[in-house]
Amino acid sequence: MIDFSLSDEQKRFLDLAREFSSKEIRPVALQYDRDGTYPESILKKARELGLMYTNIPCEYGGSGMTFVTHYLVTEALNYDCCAIGQMIGIAHLSTGAILLGGTEKQKKKFLGRMTESYRSACFCLTEPGAGSDAGAMNTSAQRKGDKYILNGSKCYITNGQHADLLCVFATSDRSLGTKGISCFVVPRDTPGIRVGRVEDKMGHRAMVVAELFFEGVELTKENLIGEEGQGFKLAMMALDRGRANITAICTAIGQKALDEATKWAKEREQFGQPIGSFQGVHFMLADMYALIMASRAMYLQVGWMLDRDIKCSIEAAAAKCFASDAAMKVTTDAVQILAGTGYMKGAVVEKLMRDAKLTQIFEGTNQINRIVSGRGVLTGKSLLF
Ligand SMILES: Cc1cc2nc3c(=O)[nH]c(=O)nc-3n(C[C@H](O)[C@H](O)[C@H](O)COP(=O)(O)OP(=O)(O)OC[C@H]3O[C@@H](n4cnc5c(N)ncnc54)[C@H](O)[C@@H]3O)c2cc1C
């Protein structure tokens with residue numbers, strides 16, 4: 001029943017992604033991190049090679065990979081820099097609701113146009129007053145005849161400054177709570193969209209995060225994804241996929257940290273021998289390896305469930321919590337093994353430790369994800385085993 005062997009096609013995609021990461025991303029990762037550079041030329045190349053819209057079906061211009069293959073490729077693309085890796089793969093979360101709830105005509109039109117460019121999409125849920133409590137959003141979609149008028153603002157939007165396609169959640173009736181929220185697909189060139197502050201961040205520095213304002217943006221039924229009031233449900237379903245994606249990204253961060261620590265443990269000598277010969281260091285490397293193995297197994301399981309259309313909210317939330325806590329621990333231990341050298345700016349493990357922190361915060365903080373999985377465990381509804 002359980003088979004971890006890869007198909008020839010998966011091996012081919014993985015080789016391509018690993019080569020791309022080592023040739024295109026590794027040489028600039030530290031420099032882009034230092035300067036907070038938008039990785040434009042890398043995004044262009046990734047799109048040309050079919051590494052950008054990996055999970056989008058071929059009929060809409062994507063590479064049509066299964067979820068398992070997409071997550072394997074995601075781990076490979078995030079190995080050398082998860083900020084650049086996430087800019088490449090941002091469409092996975094941001095087109096999730098459109099793929100789930102859009103009509104054939106909407107997918108062909110909006111996703112078809114998006115995949116012609118490298119600027120991809122963004123997922124606009126969070127607002128200044130609505131972070132963990134996303135359902136408390138203020139951005140409104142007022143119906144006027146056959147039009148919807150969008151007003152409000154979103155914050156911390158990954159790729160918000162550049163995305164060609166915006167997936168926006170807005171409420172048409174706050175008194176209905178989450179049931180008043182609808183999902184809209186909005187092309188960037190729609191009048192009334194303004195980019196606000198572009199954030200200066202602790203980590204993920206080559207991943208562009210911005211504030212967005214919607215000022216009388218006129219939309220029609222063609223922009224509405226699913227039914228009115230279905231938006232929050234679509235956002236949560238897209239986040240199940242996104243959380244599996246983060247689990248793969250955390251695995252990449254951890255693997256890179258372990259590889260750096262292992263290399264150093266073999267090279268660095270103290271007390272007349274490599275530090276890797278001390279049992280205290282073996283124990284750290286062993287625990288790091290176990291956490292990475294488990295994180296990888298978790299994203300493969302959730303990907304397997306998604307490929308079979310099995311509901312996986314509990315598993316995706318649990319995997320995201322586990323893998324992000326694991327990435328934080330593994331990167332902290334990697335800095336410990338490199339010690340003074342690892343603590344300095346310009347050390348790969350120093351960057352990895354800063355990058356790991358975000359994975360415990362976005363796509364639902366780990367407190368919120370523990371609420372999702374804890375409540376799920378209590379209902380016992382969709383547990384696989
Ligand atoms: C770099 C970055 C990129 C992002 N990209 C996007 C994006 O592309 N699109 C998007 O929509 N959003 C994005 N976000 C937003 C992100 O999802 C939110 O930051 C996150 O959901 C938390 O919201 P908040 O920051 O307002 O924290 P708050 O909700 O204010 O939480 C503060 C603290 O309170 C805790 N807390 C809150 N409620 C509870 C509770 N019920 N029980 C226990 N603890 C609780 C939280 O866990 C946290 O520790 C991004 C954020 C960052 C930092």
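All figures in this text were calculated on a predicted structure; none of them were measured in a lab. (Residues numbered from 1 in each chain as written. Predicted model: local features only at pLDDT ≥ 70, side-chain atom pairs only at ≥ 80, totals over all residues.)

Draft legend 1. The overall build of the chain, seen in detail. Along the chain, the regular secondary structure elements total 13 helices and 10 strands. For the chain, the C-alpha radius of gyration of 21 Å lies close to 21 Å, the compact-globule estimate for 385 residues. By principal-axis analysis of the C-alpha atoms, the chain measures approximately 80 × 45 × 40 Å. (Helix = DSSP H or I, 4+ residues; strand = E, 2+ residues; numbered from the N terminus. Rg over C-alpha atoms; globule rule 2.2 N^0.38 Å.)

Draft legend 2. Quick peek at the packing of helix 5 (residues 82-89) against helix 9 (residues 231-267). Packing of helix 5 against helix 9 brings their axes to within 11 Å, and their N-to-C directions diverge by 155°. Considering their axes alone, helix 5 and helix 9 lie roughly antiparallel with respect to each other. When you trace helix 5 past helix 9, the crossing you get is right-handed. Contact with helix 5, carried on its side by Cys82, Gly85, Gln86 and Gly89, involves Asn245, Ile249, Ala252 and Ile253 of helix 9 and no other residues of that element. In terms of residue class, the contact of helix 5 with helix 9 is built from 4 nonpolar, 4 polar and no charged. (Axes fitted to C-alpha atoms, helices over the stretch in contact; angles between N-to-C directions. Parallel < 35°, antiparallel > 145°, perpendicular 65-115°, else oblique. Left-handed = near helix turned anticlockwise from the far one by under 90°. Contact = placed C-beta atoms within 7 Å. Nonpolar A, V, L, I, M, F, W, Y, C, P; charged D, E, K, R; others polar.)

Draft legend 3. Fine view of the site of the ligand. Within the structure, the ligand sits among 21 residues, and Leu125, Gly131, Ser132, Thr365 and Gln367 are positioned closest to it. Within the residue set of the shell around the ligand, elements represented by two or more residues are strand 1 (121-124), strand 3 (147-158) and helix 13 (366-379). When its residues are assigned to classes, the shell around the ligand shows 11 nonpolar, 8 polar and 2 charged. In this structure, the shell around the ligand is formed jointly by two domains, domain 2 (121-228) and domain 3 (232-379), each of which donates at least three residues. (Near = placed C-beta within 6 Å. Domains from an automatic or database assignment.)

Draft legend 4. Highlighting the domain arrangement of the chain. Along its sequence, the chain is carved into domain 1 (8-114), domain 2 (121-228) and domain 3 (232-379). The distance between the C-alpha centroids of domain 2 and domain 3 comes to 30 Å. Listed by partner, the interface residues are 12 residues for domain 2 and 9 residues for domain 3. Along the lines of polarity and charge, the residues of the side of domain 2 that touches domain 3 split into 6 nonpolar, 6 polar and no charged.

Draft legend 5. The arrangement of helix 5 in detail. With 8 of 8 residues buried, helix 5 is to be regarded as a mostly interior element. Taken as a whole, helix 5 has its buried residues at Cys82, Ala83, Ile84, Gly85, Gln86, Met87, Ile88 and Gly89. (Buried ≥ 20, exposed ≤ 12 C-beta atoms within 10 Å, placed from the backbone.)

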